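Remarks on the overall topology
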Amino acid sequence: MINIAILGSTGSIGTQTLDIVREQGDIRVWALTAGKNINLLERQIREFRPKLAAVWSAEDAAELAVRVKDLPVRIVSGMDGLLEAATVPESDILVTAVVGMIGLRPTVAAIRAGKNIALANKETLVTAGHLIMPLAEEYHSAILPVDSEHSAVFQSLNGESGNKIHKILLTASGGPFRGKTKKELEHMRVEDALRHPNWSMGKKITVDSATLVNKGLEVMEAKWLFGTDLDRIQVVVQPQSVIHSMVEFEDGSIMAQLGTPDMRLPIQYALYYPKRRPLSGKRLDFFALGNLTFERPDMDTFEGLRLAYQAAERGGNMPTVLNAANERAVAKFLERKIKFPEITQIISECMESCRFISSPNLEEILETEQSVYEWIESRW
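In this report, we go over the structure that sits alongside the text. In this text the structure is predicted, and so the values were computed from the model without any measurement.

Concerning the overall build of the protein chain
Tallying secondary structure elements over the protein chain gives 17 helices and 11 strands in all. Its C-alpha atoms give the protein chain a radius of gyration of 20 Å, within 12% of the compact-globule value 21 Å for 380 residues. Counting only C-alpha atoms and orienting by the principal axes, one finds that the protein chain spans roughly 55 × 50 × 40 Å. For the protein chain, buried positions account for 56% of its 380 residues. Counted over contacts in the protein chain with a minimum sequence separation of 6, partners at least 24 positions apart contribute 68%. Total accessible area computed for the protein chain in this model is approximately 16600 Å², and 49% of it derives from carbon and sulfur atoms. Averaging the locations of the 43 positively and 49 negatively charged side chains of the protein chain gives two centres separated by 4 Å.

Printed below as a string of structure tokens:
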């Protein structure tokens, strides 16, 4: 029996994790958390019977507690609730499926509690990789990537212990605006940005895919996950989203992981690693596929990727600045308060204006996040 807790159980990764729980039948869910969607969380509680569930606001927690008073589940709220869910004693694996830096403190707490981490919350390593990876080593906590690209690299490295990586090739679909010009991007609406050609994801990550900021965050995450220098991480646009990423070794050999664009595969691989289990769903048909194509990313039009490389190269708290600025800018775009190109404009201005800290601790990372939010609200 596999024992898990899920942060962000009502989001895209969280619900697909629970699909796997249903299908496999040998996973026990001990804790679930959600932001505001207490209707779906209630249904999940009734189906999976966790001992603990958390929502963000105390008011929602009080309402949820009344709704599920017939069940033996304790309802908690806020950051304290997330921390309790992350460290629930019975779980062995924490699935971090929340979006944003809200996942940072619970992940740290889970590592210190000896949990393995099925990591979908990329912000954790983007902003605090220099703290998280040594901490995971100290507490013997495995960081198991759930992002399709990082899972692909992880799978490609199996059996290659001791062989040096020459290059990581992170693939990108190109997003919904692939091939468009800067002029065309000025007129793109929220509905356009959310129309991803291949993947079904949450709103924030879908917009990040449209700006290519998401791929930049993945570059930073890969640096920490696989101990690779930035100049050995290359982004390759692969529009069919069939090759999920590749590793080139010193002898020129390239290992790749291929499959249909189905996030359940990397989720399940992280939960059962190193074993593979049967998984329902569509299989890759090379004859129907016909061909695979590759392109260089357009970092002039899609400045988010270029800015991410710049933040990663500078290091310190600059990845936190980029990440926090992007979170707030995407929220404003989804609220229709800014235009699509202004997302990267806000990121760029924040990177130029915010105070640089060369080696931030956890508190300084969280303070940087707050200062970025305040800077944006004072000007946008």
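Digging into the sheet that holds strand β4 (residues 74–77)
With respect to topology, seven strands assemble into an open sheet ordered β4-β3-β2-β1-β5-β6-β7, the strand pairing being parallel. Two strands lie at the open edges of the sheet, namely β4 and β7 (143–145), each paired on one side alone. With direction set aside, neighbouring strand axes in the sheet form an average angle of 25°. Sheet topology places strand β2 (residues 27–33) next to strand β3 (residues 52–55); three bridges connect them, and they run parallel. Counted as the bridge partner of T33 is A54 from β3.

Re the packing of helix α15 (residues 318–334) against helix α16 (residues 342–353)
Angle between the axes and distance between the axes: these two values describe a pair of packed helices. Between α15 and α16, the least distance of the axes is 8 Å, while the angle of their chain directions is 150°. The two elements α15 and α16 meet at a crossing, and its hand is right-handed. Facing M318, V321, L322, A325, N326, A329, V330 and F333 of α15, the residues of α16 in contact are I343, I346, I347, C350 and M351.

A short note on the pairing of strand β5 (residues 93–96)
Here β5 shows a buried face lined by I93 and V95 and a second buried face lined by L94 and T96. Both strand β1 (residues 2–7) and β5 contribute to a ladder of four bridges, which runs parallel. The residue bridging A5 from the neighbouring strand is L94, located in β5. Two elements, β5 and strand β6 (residues 116–119), share four bridges in a ladder whose sense is parallel. Looking at the pairing, L94 lines up with I117 of β6.

Considerations on the sheet that holds strand β10 (residues 243–249)
One open sheet holds the four strands; their spatial order is β9-β8-β10-β11, and the pairing between them is mixed. The outermost strands of the open sheet, each flanked by one partner alone, are β9 (233–237) and β11 (254–258). The average angle at which neighbouring strand axes cross in this sheet is 20°, direction not considered. Bridge analysis of strand β8 (residues 165–172) against β9 gives five bridges, and the strand direction is parallel. By the bridge assignment for β9, T171 is matched with V236.

A word on the packing of aromatic side chains
Overall, the coordinates contain five aromatic pairs when judged by the stated rule. Taking the centre distance of 5.0 Å and the plane angle of 90° together, the rings of F177 and F340 count as edge-to-face. Of this pair, F177 sits in the loop between β8 and α8 (182–185) while F340 sits in the loop between α15 and α16, and the two are 163 residues apart along the sequence. The class for F177 is buried, based on a relative accessible area of 1%.

Quick notes on helix α6 (residues 123–138)
The end-to-end C-alpha distance of α6, which contains 16 residues, comes to 21 Å, matching closely the 22 Å that a straight helix rising 1.5 Å per residue would cover. The largest bend along α6 measures about 105° and falls at G129. Buried residues of α6: E123, T124, L125, V126, T127, A128, G129, I132, L135 and A136, and no others. Phi turns positive, to about 55°, at H140, one or two residues after α6.

Re unusual backbone geometry
A cis amide bond, omega 10°, links Y273 with the succeeding residue P274. Within the element layout of this structure, P274 appears in the loop between α12 (264–272) and α13 (286–289). The backbone of H140 shows a phi angle near 55°, a positive value even though the residue is not glycine. With respect to the helices and strands, H140 occurs in the loop between α6 and β7. For S241, which is not a glycine, the phi torsion comes out positive at approximately 55°. Here S241 shows up in the loop between β9 and β10.

The rules behind these values
- As a convention, each chain's residues are numbered from 1 in the sequence order in which they are written.
- Residue-level local features of this predicted model are given only where pLDDT is at least 70; pairs of side-chain atoms are given and counted only at 80 or more, and the full residue set underlies all totals for whole chains, interfaces and linings.
- Neither water nor hydrogens contribute to the side-chain values; these are computed over all heavy atoms in the structure.
- Strands here are runs of E lasting at least two residues and helices are runs of H or I lasting at least four, both read from the DSSP assignment and numbered beginning at the N terminus.
- With C-alpha atoms as the basis for the radius of gyration, the globule rule is written as 2.2 Å multiplied by the number of residues raised to the power 0.38.
- A 1.4 Å probe rolled over the protein chains alone gives each residue an accessible area, and that area as a share of the maximum for its type sets the label: buried under 20%, exposed over 50%, partly exposed in between.
- Contacts are assigned to residue pairs that have any heavy atoms within 4.5 Å of one another.
- For the area figures, the Shrake-Rupley method with a 1.4 Å probe applies, and any residue is considered shielded solely by the protein chains shown.
- Positive: Lys, Arg. Negative: Asp, Glu. His and the chain ends are not part of the count.
- The atoms used to mark charge sites are NZ of Lys, CZ of Arg, CG of Asp and CD of Glu.
- Only strands that DSSP links by at least two bridges are regarded as paired with each other.
- Lines fitted to the C-alpha atoms define the axes, with helices restricted to the stretch that makes contact. Angles between their N-to-C directions range from 0 to 180 degrees.
- For any pair of crossing helices, the crossing counts as left-handed if the nearer helix is rotated counterclockwise from the farther one by less than a right angle, and right-handed if it is rotated clockwise.
- Pairing of aromatic rings covers Phe, Tyr and Trp, the last through its six-membered ring, and needs centres within 6.5 Å; plane angles under 30 degrees mean stacked, over 60 mean edge-to-face, and all others mean tilted.
- In this analysis, the expected span of each helix is defined as 1.5 Å times one less than the number of residues it contains.
- Take the seven residues that end at a residue and the seven that start at it, fit an axis to each, and the angle between those axes is the bend at that residue.

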